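A closer look at the structure
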Amino acid sequence: MNMTHYPKLQYISQGITAADQYRNITKVLREGCTWVQLRWKGTAIPDLKALARQVLLLKQEYAFTFILNDHTALAQELHVDGVHLGLQDMPVTEARAMLGAGKIIGGTANTLADVQQRIAEGCDYIGLGPYRFTTTKEQLSPILGLEGYRNILGSIDPFPVPLFAIGGIRQNDIPALMTTGVYGIAASGLLIQSAVPEIMQHLNYSTCPH
């Protein structure tokens with residue numbers, strides 16, 4: 001996918017049960033979100049596969065990009081649009097060999113060194129965070145804040161892939177975040193607690209060079 005074709009907003013799914021997950025995903029799609037990452041940590045593969053199949057059926061009604069968090073083999077089996085890999089997940093090169101050149105492979109980063117690693121590995125986009133404290137992740141990396149994003153993006157110019165801010169982002173954070181040079185944001189609770197069109201309006205406010 002060409003860099004300019006990525007949506008600026010990615011929903012990272014949340015919910016304890018499959019019903020919660022599905023309801024939240026349907027909510028953001030109905031409100032206009034066009035990129036969903038299915039993230040359901042700790043669940044059994046058969047349950048994850050069943051939910052992913054349900055979400056794939058939503059493509060009959062909504063036009064959206066659908067990727068899985070981790071689980072590259074399942075992404076290959078179900079022919080979803082790609083995967084997002086944490087730093088401890090399968091190596092990007094291995095995932096690329098499995099999925100092929102046409103699929104999206106995103107990668108998590110927390111530091112400048114992580115970002116440089118992800119670029120070298122050939123990630124299609126990078127999720128950099130956390131922006132602030134969030135309860136979504138059990139083991140949270142050091143918080144970046146606006147200065148963290150400015151410093152990392154300022155260290156690599158031009159920045160070769162879309163970089164998404166992630167982690168505890170609130171709606172009123174977005175305009176300032178977009179001035180740091182990030183391409184967009186990836187969020188969980190924000191999209192459930194707020195109306196997606198309002199968030200997208202904030203994302204259109206941007207001095208981002210991409």
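Figured I'd write up the structure that's included with this text. (Residues numbered from 1 in each chain as written. Predicted model: local features only at pLDDT ≥ 70, side-chain atom pairs only at ≥ 80, totals over all residues. Heavy atoms only, no water.)

**A closer look at the pattern of salt bridges**
- Following the criterion strictly, the structure yields nine salt bridges and no others.
- When the shortest N-O distance is used, the salt bridge between Glu31 and Lys27 registers 3.1 Å.
- Overall, Lys27 belongs to the buried group, its relative accessible area being 14%. (Salt bridge = Lys/Arg side-chain N within 4 Å of Asp/Glu carboxyl O. Buried < 20%, exposed > 50% of the residue type's maximum accessible area, 1.4 Å probe, protein only.)

**Overview of the sheet that holds strand S8 (residues 184-187)**
- The eight strands lie next to each other as S1-S2-S3-S4-S5-S6-S7-S8, forming a closed barrel whose pairing is parallel. Along the sheet, successive strands turn relative to each other by an average axial angle of 25 degrees, direction set aside.
- Pairing geometry for strand S7 (residues 163-166) and S8, over three bridges, is parallel. Residue pairing for S8: Ile166 is matched across the bridge by Ala186.
- Where helix H5 (residues 112-121) meets the sheet, its contacts fall on strand S4 (82-85), strand S5 (104-109), strand S6 (125-128) and S7, and the angle it forms with S5 comes to roughly 165 degrees. (Pairing = 2+ DSSP bridges. Helix = DSSP H or I, 4+ residues; strand = E, 2+ residues; numbered from the N terminus. Axes fitted to C-alpha atoms, helices over the stretch in contact; angles between N-to-C directions. Contact = heavy atoms within 4.5 Å.)

**A short note on the nonpolar core**
- Membership of the largest hydrophobic core comes to 55 residues, with the highest contact counts inside it found for Phe66, Val115, Tyr149, Leu163, Ile185 and Leu191.
- In terms of residue count, the dominant contributor to this core is helix H2 (residues 45-57) (four residues).
- Core analysis: the second largest hydrophobic core is formed by seven residues, Tyr6, Ile104, Tyr125 and Phe164 among them. (Core = buried A, V, L, I, M, F, W, Y, C linked by side-chain atoms within 4.5 Å.)

**A look at H2**
- The first and last C-alpha atoms of H2 sit 18 Å apart over 13 residues, in line with the 18 Å expected at 1.5 Å per residue.
- Looking only at H2, the buried set comprises Leu48, Leu51, Ala52 and Val55. For H2, the angular spread of the buried residues around the axis is 105 degrees, confining them to a single face. Exposed and oriented more than 90 degrees from the buried face of H2 are Pro46 and Leu57. (Expected span 1.5 Å × (residues − 1). Arc of directions from axis to C-beta.)

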